Amino acid sequence: MISKSQVKDTIKARFFGDLAWKAYKKYYFKKSISLLDSSILYNPTNSSSYHLKAEAQWSLGNYADAAETYRKMISISDKYLLKVSANVFLGMLYGMADMPRQATAQYASAVKLWESGYVPHKQFKMVEEFDYFLALAFLEDKAKAVKIISGQNLDSLNYPKRHELENQNKRCLSLFDKTPKELLEIYFKEYMLPNDIKPLEE
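Residues numbered from 1 in each chain as written. Predicted model: local features only at pLDDT ≥ 70, side-chain atom pairs only at ≥ 80, totals over all residues. Heavy atoms only, no water.

Brief notes about the overall build of the protein
Item 1. When its secondary structure is counted, the protein shows 10 helices and zero strands.
Item 2. Written out in order from the N terminus, the α and β elements of the protein read α-α-α-α-α-α-α-α-α-α.
Item 3. The dimensions of the protein, computed from C-alpha atoms along their principal axes, are 60 × 45 × 30 Å.
Item 4. Evaluated residue by residue, the protein yields a buried proportion of 36% over its 202 residues.
Item 5. The long-range share in the protein, meaning contacts at least 24 apart out of those at least 6 apart in sequence, stands at 59%. (Helix = DSSP H or I, 4+ residues; strand = E, 2+ residues; numbered from the N terminus. Buried < 20%, exposed > 50% of the residue type's maximum accessible area, 1.4 Å probe, protein only. Contact = heavy atoms within 4.5 Å.)

This is the structure we're talking about:
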């Protein structure tokens, strides 16, 4: 049974979370982070608060802080659908923070998870598979990628599915044409603010 104090805390957490989202949308990232800290204080298990806080932090260029926040989000998100992708993205945050040892560990964790019998959500299978190969590319393990792809038997598949997988394989193998540094620049760029938008402060 939920107590009255828990109900009050939930309401307060939602109140601060809503204000944080409004501040974030207006690019007041420092204010958003402060409000999210208040929201997390009242509800420390809401993964959405950690995710938004991490976004605000990396939008300010605070990549190490964003990585720590994102790591916390992963640790409390048992039902998070993109677990391999989350580990790869955390690795990229560590990479942006110039923390190569931690970045390598996260890419290795993503690979280990995928190879452990992990079953991705059907809707995101190809996304997670691509991110698995992206992790291999960050680790510069092209030999494993080539072995996996060359070992696939696509002849039994109908044309649309075979064509889709052939394109996915080409895309995965093309990752190894780039250095880890180039991969980081390419794949983290989509999470950055456009050049014409700057963080605001009140």
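Some points on the side chain of Thr69
Item 1. Inspection of the secondary structure assignment puts Thr69 in helix α4 (residues 63–76).
Item 2. Once residues lying within four places of it in the same chain are set aside, the contact partners of Thr69 are Tyr50, Lys53, Ala54 and Gln57.

Some remarks on the nonpolar core
Item 1. Counting 39 residues, the largest nonpolar core has Trp58, Tyr70, Leu93, Phe133, Leu175 and Phe188 as the members making the most contacts within it.
Item 2. Mapped onto this core, the elements with two or more residues apiece are α3 (47–59), α4, α5 (83–96), α6 (100–115), α7 (125–138), α8 (142–150) and α10 (180–188).
Item 3. With 10 residues, the next largest nonpolar core counts Ala23, Phe29, Ile33 and Leu36 among its residues. (Core = buried A, V, L, I, M, F, W, Y, C linked by side-chain atoms within 4.5 Å.)

What to know about the environment of Met192
Item 1. With respect to the element layout, Met192 can be found in the segment after α10.
Item 2. A relative accessible area of 36% places Met192 in the partly exposed class.
Item 3. For Met192 and Trp58, which are 134 residues apart along the polypeptide, the C-alpha to C-alpha distance reads 8.0 Å.

A closer look at α4
Item 1. Here α4 is 14 residues long and its end C-alpha atoms lie 20 Å apart, about the 20 Å a rise of 1.5 Å per residue gives.
Item 2. Residues Tyr63, Ala66, Ala67, Thr69, Tyr70 and Met73 constitute the buried set of α4.
Item 3. Those residues of α4 hidden inside the fold are in contact with α3, α5 and α10. (Expected span 1.5 Å × (residues − 1).)

Some words on unusual backbone geometry
Item 1. Of note, Asp98 is a non-glycine position whose phi angle comes to about 60°, a positive value.
Item 2. What makes Asp98 exposed here is its relative accessible area of 66%.
Item 3. In this structure, Glu140 is a non-glycine residue whose phi angle is positive, near 60°.
Item 4. Along the chain, the position of Glu140 falls in the loop between α7 and α8.
Item 5. Note on Glu140: relative accessible area 60%, which makes it exposed.

Overview of the pattern of salt bridges
Item 1. Taken as a whole and assessed by the stated rule, the structure comprises four salt bridges.
Item 2. The partner of Asp37 in a salt bridge is Lys53, with the nearest N and O atoms 2.7 Å apart. With Asp37 in helix α2 (residues 29–42) and Lys53 in helix α3, this pair connects stretches of sequence that are 16 residues apart.
Item 3. Look at Lys53 and you get buried, because its relative accessible area is 15%. (Salt bridge = Lys/Arg side-chain N within 4 Å of Asp/Glu carboxyl O.)

Overview of the packing of helix α1 (residues 4–25) against α3
Item 1. Direction vectors running N to C along α1 and α3 enclose 30°, while the axes themselves pass 11 Å from each other. The pairing of α1 with α3 is recorded here as roughly parallel in orientation. The handedness of the crossing between α1 and α3 comes out as left-handed. The segment α1 lies against α3, with Ala20, Trp21 and Tyr24 engaging Leu52, Glu55, Ala56 and Ser59.
Item 2. Looking at the contact of α1 with α3 residue by residue, the class counts come to five nonpolar, one polar and one charged. (Axes fitted to C-alpha atoms, helices over the stretch in contact; angles between N-to-C directions. Parallel < 35°, antiparallel > 145°, perpendicular 65-115°, else oblique. Left-handed = near helix turned anticlockwise from the far one by under 90°. Nonpolar A, V, L, I, M, F, W, Y, C, P; charged D, E, K, R; others polar.)

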